[in-house]
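Descriptive analysis of the structure
So you can see what is in the structure, the chains are spelled out below.
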Amino acid sequence: FISDLSKAMSQAGSSQFQEVIRQELEYSMKIELDKILETAPSNELEHTKKDLEGFKKLFHRFLQEKGPSVDWGKIQRPPEDSIQPYEKIKARGLPDNIASVLNKLVVVKLNGGLGTSMGCKGPKSLIGVRNENTFLDLTVQQIEHLNKSYNTDVPLVLMNSFNTDDDTKKILQKYSHSRVKIYTFNQSRYPRINKETLLPIAKDVSYSGENTECWYPPGHGDIYASFYNSGLLDNLIAEGKEYIFVSNIDNLGATVDLYILNHLMNPPNGKRCEFVMEVTNKTRADVKGGTLTQYENKLRLVEIAQVPKAHVDEFKSVSKFKIFNTNNLWIALSAIKRLQEKNAIDMEIIVNPKTLDGGLNVIQLETAVGAAIKSFENSLGINVPRSRFLPVKTTSDLLLVMSNLYTLNAGSLTMSEKREFPTVPLVKLGSSFTKVQDFLRRFESIPDMLELDHLTVSGDVTFGKNVSLKGTVIIIANHGDRIDIPAGALLENKIVSGNLRILDH
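Residues numbered from 1 in each chain as written. Predicted model: local features only at pLDDT ≥ 70, side-chain atom pairs only at ≥ 80, totals over all residues. Heavy atoms only, no water.

In terms of regular secondary structure, the chain is built from 13 helices and 26 strands. For 505 residues, the compact-globule estimate of 2.2 N^0.38 gives 23 Å, and the C-alpha radius of gyration of the chain, at 25 Å, lies within 12% of that figure. Once the C-alpha set of the chain is aligned to its principal axes, its extents read approximately 75 × 65 × 50 Å. The burial tally for the chain puts 50% of its 505 residues in the buried class. Long-range contacts, defined here as pairs at least 24 residues apart, represent 70% of the contacts in the chain between residues at least 6 apart. For the chain, the accessible surface area stands at approximately 24,100 Å², while carbon and sulfur atoms represent 50% of it. Placing the 61 positive and 60 negative side-chain charges of the chain at their respective mean positions leaves the two points 2 Å apart. (Helix = DSSP H or I, 4+ residues; strand = E, 2+ residues; numbered from the N terminus. Rg over C-alpha atoms; globule rule 2.2 N^0.38 Å. Buried < 20%, exposed > 50% of the residue type's maximum accessible area, 1.4 Å probe, protein only. Contact = heavy atoms within 4.5 Å. Areas by Shrake-Rupley, 256 points an atom, 1.4 Å probe, with all protein chains shown as cover. Lys, Arg positive; Asp, Glu negative; His and termini not counted. Charge placed at Lys NZ, Arg CZ, Asp CG, Glu CD.)

The structure is reproduced here in structure tokens:
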């Protein structure tokens, strides 16, 4: 085989050789996917077929692409007018008929994720974040408040994954009397592939029991195809809806903004945007976030995974790339339909390597919803205040949103007026706090954090009731030691170490 191979190499030049290999891989993949499709029960056949067709296209593109997908030399700063400051958009005010504008809107929340990174089973959206309210509760309250205040009918659409669909649907019954129509659709289900063979590890369509690890939801870029395939896109267009506002369900800052909506529906130059991305200024904590650039005369989202290794530090620099994508997006429904029908939505492939419990290395091919910005006409970035980006990815984030830094009103969290400066404190909780249940067990009540700048906690630490934290507080319990912060304690610029020695910072 080896001598045949070297003959083939010398005869056919390496690019033709690579083409042969590619065709063989695609052919092998097709055979495996056909085998999987044969195991689908008749009621799942159509659906599975669509999923596997979508996967085949993605796999084909994955085999075609070589190296990082951007040419660093072509990246330019976006032109001045392509990223508008939010203040300018807000200064236009609101029209009298704001209700008629709102009635053209649909709110879409990306609800495919599980709470595993915070030690929870089931959908992340069902984790309690504030006074027993979950992410989903807060979302429904926000939209219900909007509909009641303006006498409108803004629906909520949840994009679930096969991981979250059943649990979410069970919970939705509790909102049956709320003033929000709630729709769901499922994103695609794609097979994970073995990193060595590049073939699917699934042998049949089932995804329960030992097969749960064989399948994955392919990232939120899948929204365009699955929204369209579900038939919901057409139904909403038929109802007269014109824009969707898409965001991650765990971003508590992503509320409907009437000024941005008005800017979309009544553009100052008369030309409507098909795609608006909310960006916000980077801080040191956001160096990895995707950024908007000008590339081949189009706005383009560049993610860290696409950057050639030699330029990663430059990409992370706060001085050159000052903004990042919040994943709050406003997109025209008619444009999604048009592009989807022409198969013209182009998103870079993200190759996400995973190691399964048994040690097998797999890859999953994904796309990101914001990467499609370059396929839409007349796109725009809006530089919004940091308050519109409040993601809860870890228990450190959870501590912030549970605390008195924020007040809760009609499902929306806003920074307390009692906080002197509008930036959020930097909080780093150690591994003893990673899981939500451990985190909750370690706080008898959430500390007063109004005057906190920085908190680091490491090791076996617990907090009594009514603790106040101010300035910079660092609490480090050494291995084998335990620190209990007593009830009512005030820690201001303190370092607490060992077995509760309190030092001034």
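Next comes the rest of the account.
Often, the extent of an interface is quoted as the loss of accessible area on bringing the components together. The assigned domain composition of the chain is domain 1 (1-64), domain 2 (72-189 + 219-284 + 317-345 + 376-388) and domain 3 (395-497). A C-alpha centroid distance of 35 Å is found between domain 1 and domain 2. Counting residues at the interface gives 4 residues for domain 1, matched by 4 residues for domain 2. Buried area between domain 1 and domain 2, both sides added, is near 400 Å², and the carbon and sulfur share of it is 34%. On inspection of domain 1 and its partner domain 2, the count reaches 1 residue pair in polar contact (both at pLDDT 80 or more). Split into classes, the residues belonging to the side of domain 1 that touches domain 2 amount to no nonpolar, no polar and 4 charged. (Domains from an automatic or database assignment. Buried area = accessible area lost by both parts, 1.4 Å probe. Polar contact = N/O pair within 3.5 Å; in protein donor to acceptor, adjacent residues only side chain to side chain. Nonpolar A, V, L, I, M, F, W, Y, C, P; charged D, E, K, R; others polar.)

Glancing now at the side chain of Arg 419. Examined against the element boundaries, Arg 419 turns out to sit in the loop between β19 (412-415) and β20 (426-429). The side chain of Arg 419 is buried and forms no salt bridge, while Asp 453, the nearest opposite charge, is found at 4.7 Å. Within the structure, Arg 419 has its side chain in polar contact with the backbone oxygen of Leu 450 (distance 2.8 Å). (Salt bridge = Lys/Arg side-chain N within 4 Å of Asp/Glu carboxyl O.)

What the 8 strands build is an open sheet, ordered β1-β17-β11-β14-β10-β2-β5-β6; its pairing is mixed. In this open sheet, the two edge strands, each paired with only one partner strand, are β1 (83-85) and β6 (182-186). The average angle at which neighbouring strand axes cross in this sheet is 25°, direction not considered. Bridge analysis of strand β5 (residues 156-160) against β6 gives 5 bridges, and the strand direction is parallel. Note that in β6 the partner of Asn 160 across the bridge is Asn 186. Its contacts with the sheet put helix α5 (residues 135-150) on β2 (105-111), β5 and β6, and the angle it makes with β5 is roughly 155°. (Pairing = 2+ DSSP bridges. Axes fitted to C-alpha atoms, helices over the stretch in contact; angles between N-to-C directions.)

The next thing to look at is the nonpolar core. With 107 residues, the main nonpolar core has Ile 223, Tyr 224, Phe 463 and Ile 485 as its most contacted residues. Per element, the largest residue contribution to this core is 6 residues, and it comes from α5. Mapping this core onto the domain boundaries places at least three of its residues in each of domain 2 (72-189 + 219-284 + 317-345 + 376-388) and domain 3 (395-497). Look past the residues within four positions of Phe 463 in its chain and what remains in contact with it is Phe 433, Arg 442, Phe 443, Glu 444, Pro 447, Val 457, Leu 469, Ile 475 and Ile 485. Within the second largest apolar cluster, 27 residues are counted, among which are Met 29, Leu 198, Ile 201 and Leu 365. (Core = buried A, V, L, I, M, F, W, Y, C linked by side-chain atoms within 4.5 Å.)

Applying the stated rule across the entire model yields 15 aromatic pairs. A centroid spacing of 5.1 Å and a plane angle of 50° characterise the contact between Phe 275 and Phe 376, whose relative ring orientation is tilted. Placement of Phe 275 in strand β11 (residues 275-281) and of Phe 376 in the loop between β16 (361-366) and β17 (380-383) is noted, with a sequence separation of 101 residues between them. An identical accessibility class is assigned to Phe 275 and Phe 376; each is buried. Taken together, the ring pairs in this structure connect Phe 55, Phe 59, Phe 62, Tyr 190 and Tyr 216 into an aromatic cluster. Lying across the ring of Trp 215, Arg 189 places its NZ or CZ 4.3 Å from the centre. Here Arg 300 stacks its cationic end above the ring of Tyr 295, 4.2 Å away from the centre of that ring. (Phe/Tyr/Trp six-rings, centres within 6.5 Å; stacked < 30°, edge-to-face > 60°. Lys NZ or Arg CZ within 6 Å of the ring centre and 35° of its normal.)

Let us look at the pairing of β5. The buried count for β5 comes to 5 of 5 residues, which makes it a mostly enclosed element. Side chains Leu 156, Leu 158 and Asn 160 project from β5 onto one buried face, and the interleaved Val 157 and Met 159 project onto a second face that is buried too. Examined bridge by bridge, β2 and β5 share 5 bridges and lie parallel to one another. Residue pairing in the sheet places Leu 110 in a bridge with Met 159 of β5.

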